[in-house]
Amino acid sequence: MKTFNLARTAIAALALCSGVAQASPVVTSWTVTDTATFVPGSIFPTGGGANPVLSAGNTQLHWGNANPQSGLIISNSGVPVTVPTGSLTSTVSITHQNFPIPSGNSLTSADILASLSLTSLTPSVGATDTAAITFGIKFLETTNEPGGLCADGGTNHVGVNINGCADIFVISQNALNFPFLYDSDGGSFDPQPYFASFFADGFGTLSSAACTAAGASSGCRGFETAENATTTANFKILITSTPFQVPEPGSMALMGGALAALAWAGRRRKLLEG
């Protein structure tokens, strides 16, 4: 049976191969499906007036007693995309609809579950595996007209705070170069290492003041969203045959970190036990 063999330890094991078997064919493209949803039990606060409400198969969150409501919208969830090896490719996106909230609760935190399916496309040998990665988010609905500076430390009515102090969205984890081994036929070939990294367009390192205000550590990554506007962050995957060397990523945030590693390692244990 064709399978992916997924685990960090497997990369080290590959270095010990005797070389008797031939190398697996190089995969030049993949089919990747990222099914992303909000985790119902993770949403805070709960109860109260117009508390954050899930809809659309757990891909939309709305809150506040206003029309239009503020919300977070996940788009392109579960849509297969072709990912050439070495090419940064968009998967899902998250849009924040930022409107004033005269009353009612505002979202402060939630988890996003990304269920990934990867299948070799070129060559088309049909090997597929899945993994579940949870991204925690922190969200701060700011006071639009505070005295003095905005929560991010910036001046009100300047830059991203042009329409009043911007709201703050923080992603909690980092993931880069998670290794997996590709075996084209389950034994005749030596498995080949590949590395998956996760990014998001529109994300950057936030100010220390913004991180602190959102309840995150200094150096956190995310984005700020202007009042009376919508802001979209596009999530992307990069699959490489060697570890990807990243300079300071600027507007790209590395996604998924320790929880991603645990998810893939857990999947590997299930394969070994099954």
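It should be emphasised that the depicted structure is a prediction, and the values quoted were computed from it without experimental measurement. All residue numbers refer to position in the chain's written sequence, counted from 1. Whole-chain, interface and lining totals are the exception, using all residues; otherwise, since this is a predicted model, local features are given only for residues with pLDDT of at least 70 and side-chain atom pairs are given and counted only at 80 or more. Side-chain metrics in this entry use all non-hydrogen atoms of the structure; hydrogen atoms and water are not considered.

1. Section: the sheet that holds strand S10 (residues 128–140)
- Two strands qualify as a pair provided that DSSP identifies no fewer than 2 bridges between them. By definition, any uninterrupted DSSP run of H or I lasting at least four residues is a helix, any uninterrupted run of E lasting at least two residues is a strand, and each is numbered from the N terminus. Strand order in the open sheet made by the seven strands is S7-S3-S9-S10-S11-S16-S15, with antiparallel pairing throughout. The two strands at the open ends of the sheet, each matched to only one other strand, are strand S7 (80–84) and strand S15 (204–205).
- Note: S15 against strand S16 (residues 221–225), two bridges, orientation antiparallel. Within the sheet, the bridge partner assigned to Gly 204 lies in S16 and is Gly 222.

2. So, the pattern of salt bridges
- Salt bridge, as used here, is a side-chain nitrogen of Lys or Arg placed within 4 Å of a carboxyl oxygen of Asp or Glu. Inspection of the entire model under this criterion finds one salt bridge.
- A salt bridge links Asp 201 to Lys 236; its shortest N-O distance comes to 3.0 Å. Taken together, the residues Asp 201 in strand S14 (residues 192–201) and Lys 236 in strand S17 (residues 229–240) connect sequence positions 35 residues apart.

3. Regarding the side chain of His 62
- Looking at the secondary structure, you find His 62 in strand S5 (residues 60–63).
- Here's how the labels work: a residue is buried when its accessible area is under 20% of the maximum for its type, exposed when over 50%, partly exposed in between, all with a 1.4 Å probe on protein chains only. Exposure remark for His 62: the relative accessible area of 17% places this residue in the buried category.
- Reaching out from His 62, the side chain makes a polar contact with the side chain of Gln 97 at a distance of 3.3 Å.
- Only heavy atoms enter the contact rule, under which two residues are in contact if any of them lie within 4.5 Å. Here His 62 is in contact with Asn 51, Pro 52, Val 53, Ser 55, Gln 69, Ser 70, Gly 71, Ile 73 and Gln 97, once residues within four sequence places are set aside. Counted as a polar contact is a pair of N or O atoms within 3.5 Å, where, for protein atoms, one must be capable of donating a hydrogen and the other of accepting one, and residues adjacent in sequence contribute only when both atoms are in side chains.

4. Some remarks on the confidence of the model for the chain
- Summary statistics for the chain give a mean pLDDT of 79 and a share of 77% for residues scoring 70 or more.
- The predictor attaches a confidence to each residue, and that confidence, scored 0 to 100, is pLDDT. Averaged pLDDT values for the elements of the chain fall to 37 in helix H1 (residues 8–14) and rise to 96 in S7.
- Note on residues 1–20: pLDDT is under 50 here. Beyond four places in sequence and across chains, it has 41 contacts.
- Confidence drops under a pLDDT of 50 for residues 249–274, and excluding neighbours within four residues, the segment shows 72 contacts in the predicted structure.

5. With respect to the state of the cysteines
- A pair of cysteine sulfur atoms is labelled a disulfide when the two atoms are within 2.5 Å. All told, the structure shown has two disulfides when counted by the stated rule.
- Between the sulfur atoms of Cys 150 and its disulfide mate Cys 165 the distance is 2.0 Å. Sign of the S-S torsion, about -80 degrees for the bond between Cys 150 and Cys 165, identifies this disulfide as left-handed. Here the residue Cys 150 occupies a position in the loop between S10 and strand S11 (167–171), and Cys 165 occupies one in the loop between S10 and S11, the gap between them amounting to 15 residues.
- A residue is classified by how much of its surface remains accessible, and Cys 150, at 6% relative accessible area, is buried.
- The disulfide partner of Cys 211 is Cys 220, and the S-S distance across this bridge is 2.1 Å. Every disulfide takes its handedness from the sign of the S-S torsion; for Cys 211 and Cys 220 that torsion is -100 degrees, giving left-handed. Neither residue differs from the other here; Cys 211 and Cys 220 are each classed as buried.
- For the chain, numbering the cysteines in disulfides from first to last along the sequence yields the connectivity 1-2, 3-4.

6. Observations regarding the environment of Thr 232
- With respect to the secondary-structure elements, Thr 232 resides in strand S17.
- Along the chain, Thr 232 and Thr 95 lie 137 residues apart, while their C-alpha atoms are 4.1 Å from each other.
- Among all residues touching Thr 232, those that are not within four sequence positions of it are Ser 93, Ile 94 and Thr 95.

7. Focus: the pairing of strand S8 (residues 89–98)
- Counting buried residues in S8 gives eight out of ten residues, a clear majority hidden from the surface.
- Inspection of the sheet shows strand S6 (residues 70–75) paired to S8 by five bridges, in the antiparallel sense. Bridging across to S8, Leu 72 finds its partner in His 96.
- Where S8 and S17 come together, eight bridges link them in antiparallel fashion. Looking across to S17, one finds that Gln 97 is bridged to Thr 230.

8. Describing unusual backbone geometry
- Between Asn 67 and Pro 68 the backbone carries a cis peptide bond, its omega angle lying at 10 degrees.
- Locating Pro 68 in the fold gives a position in the loop between S5 and S6.
- Omega for the bond connecting Thr 122 with Pro 123 falls within 30 degrees of zero, at 0 degrees, which places this linkage in the cis form.
- With respect to the helices, strands and loops of the structure, Pro 123 is situated in the loop between strand S9 (109–122) and S10.
- Positive phi values are uncommon outside glycine, yet Asn 58 reaches one of about 65 degrees.
- Inspection of the secondary structure puts Asn 58 in the loop between strand S4 (53–55) and S5.
- For Asn 58, a relative accessible area of 27% translates into the label partly exposed.

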